[in-house]
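Residues per chain, in single letters:
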Amino acid sequence: MSRPSSRAWQRMLSGRRLDILDPSPVDVELSDIAHGLARVARWNGQTIGDYPFSVAQHSVLVLELFRSANPDMEPKAQLQCLLHDAPEYVVGDIISPFKAVIGGSYKEVEKGLLAAIYLRFSLPATMPSAVSKLVKKADQEAAFFEATHLAGFDPPEARKLFGVPGQSAFDVDDFERLIRPWPTQQAHERFIEAFEGISATRTGS
C-alpha cells in the first residue's frame, strides 16, 4: 500500500504512536486495546439497553462461544480468538456491508494491524485456517445473538445473514450476563480479565 504524505499514526493514551499503515508490535499495548474496544460500539450503536454493546464485550462473548464449542482448544488459539477484532481499537467497527463497499484497502490495513497485535503477544501473525474457521463460526453465532437480542432483527432474518447457532453449554443466567450491554469500565475490565486468564495458562503451550 502506498503511504499518504500526511501522518498515518495515532497517539494512544499509553503514549505509544501506532503507525496504522506499518504497525510495529512494540507500539501495541493491552491497555490501549482494552480502552479502545470498550468504547467502540457494535452495530453502529443501534442496539437496545442503557449502554452500547461494545467490541470488548463482543470479543468476550465470542471467546465464550468458542470455548463452549471447543473446550480443549489450546490457550494460544483462545487468545487469538479474544483478539480477533482487536484492530478495531484503531480503526473502529465498520459494519460488514460497508466493509464490502470499501474493499481491499481496509482489509489490508486491518490485516496488518492484527498481525502486529498477535506478534506483540507472542502469537503467530495469522490464525491457522482450522482455528480461523472455528473463530468465524463463534463470531457468526455472537452476531446472531446480538442481532436478535439487541439490534432488532427477527430470528428468520438473522438466520439468513448469520446462520443457525449451534448448541451452547451456557445456562440462561450466564448468557444473560454476556448479552446484556456492560458499562464501559466493566467491558474494559472483563476484556483484560479474559486476556490475563488465558495468559496465565500459556506456559508451555
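The name given to the protein chain in an unreviewed UniProt entry is HD family hydrolase, and the organism recorded there is Devosia sediminis.

Colleague: Even after reading the chapter, I still don't get the overall build of the protein chain, so can you show me in this structure?
Modeller: Across its full length, the protein chain holds ten helices and two strands. For the protein chain, the succession of helices and strands along the chain, N to C, is β-β-α-α-α-α-α-α-α-α-α-α. Based on the C-alpha atoms only, the size of the protein chain along its principal axes is roughly 50 × 40 × 35 Å. For the protein chain, restricting intrachain contacts to residue pairs at least 6 apart in sequence, the fraction spanning at least 24 positions comes to 66%. Accessible area of the protein chain: about 10700 Å², with a carbon and sulfur share of 52%. Each charge class in the protein chain can be summarised by its mean position, and for the 22 positive and 26 negative side chains these summaries are 5 Å apart.

Colleague: What's the story with the packing of helix α2 (residues 55-69) against helix α10 (residues 184-199) in this structure? I'm lost.
Modeller: If you want to describe how two helices pack, look at the angle between their axes and the distance between the axes. Contact pair α2 / α10: the axes reach a minimum separation of 8 Å and the direction vectors enclose 40°. Overall, the two elements α2 and α10 adopt an arrangement that is oblique. Considering how the two elements wind past one another, α2 and α10 form a crossing that is left-handed. Between α2 and α10, the residues in contact are Ala56, Ser59, Val60, Leu63 and Arg67 and Ala187, Arg190, Phe191, Ala194 and Ile198, respectively.

Colleague: Help me understand the environment of phenylalanine 98, please; the structure alone is not making it clear to me.
Modeller: Note on placement: phenylalanine 98 falls in helix α5 (residues 96-102). Along the backbone, phenylalanine 98 and glutamate 110 are twelve residues apart, and their C-alpha atoms lie at a distance of 14 Å.

Colleague: Explain the nonpolar core to me, please; I cannot follow it from the model alone.
Modeller: The nonpolar side chains of a soluble globular protein tend to be buried with one another. The biggest cluster of nonpolar side chains holds 60 residues, and the ones touching the most others in it are Ile33, Leu83, Tyr89, Phe121 and Phe191. Non-local contacts of isoleucine 33, meaning those with residues more than four positions away in its chain, are made with Val28, Ala86, Tyr89, Ile117, Phe121 and Phe191.

Colleague: Any chance you could explain the packing of aromatic side chains here in plain terms?
Modeller: How two aromatic rings sit relative to each other is set out by the distance from centre to centre and by the angle between their planes. Tallied over the full model, the rule gives six aromatic pairs. Ring geometry for phenylalanine 144 and phenylalanine 145: centres 5.7 Å apart, planes at 80°, overall edge-to-face. The pair formed by phenylalanine 144 and phenylalanine 145 is uniform in burial state, with each residue classed as buried. An aromatic cluster of three or more residues is present, and its members are Trp43, Phe153 and Phe162.

Colleague: Which parts of the structure should I look at to understand a nonpolar patch on the surface?
Modeller: Residues Ile95, Phe98, Val101 and Ile102 make up a contiguous nonpolar surface patch of roughly 360 Å² in combined accessible area. The exposure class assigned to phenylalanine 98 is partly exposed, which follows from its relative accessible area of 46%.

Each value, and the rule that gives it
Residues numbered from 1 in each chain as written. Predicted model: local features only at pLDDT ≥ 70, side-chain atom pairs only at ≥ 80, totals over all residues. Heavy atoms only, no water. Helix = DSSP H or I, 4+ residues; strand = E, 2+ residues; numbered from the N terminus. Contact = heavy atoms within 4.5 Å. Areas by Shrake-Rupley, 256 points an atom, 1.4 Å probe, with all protein chains shown as cover. Lys, Arg positive; Asp, Glu negative; His and termini not counted. Charge placed at Lys NZ, Arg CZ, Asp CG, Glu CD. Axes fitted to C-alpha atoms, helices over the stretch in contact; angles between N-to-C directions. Parallel < 35°, antiparallel > 145°, perpendicular 65-115°, else oblique. Left-handed = near helix turned anticlockwise from the far one by under 90°. Core = buried A, V, L, I, M, F, W, Y, C linked by side-chain atoms within 4.5 Å. Buried < 20%, exposed > 50% of the residue type's maximum accessible area, 1.4 Å probe, protein only. Phe/Tyr/Trp six-rings, centres within 6.5 Å; stacked < 30°, edge-to-face > 60°. Patch = residues over 30% accessible without salt bridge, like charges linked within 9 Å, V, L, I, M, F, W, Y side chains within 5 Å. Salt bridge = Lys/Arg side-chain N within 4 Å of Asp/Glu carboxyl O.

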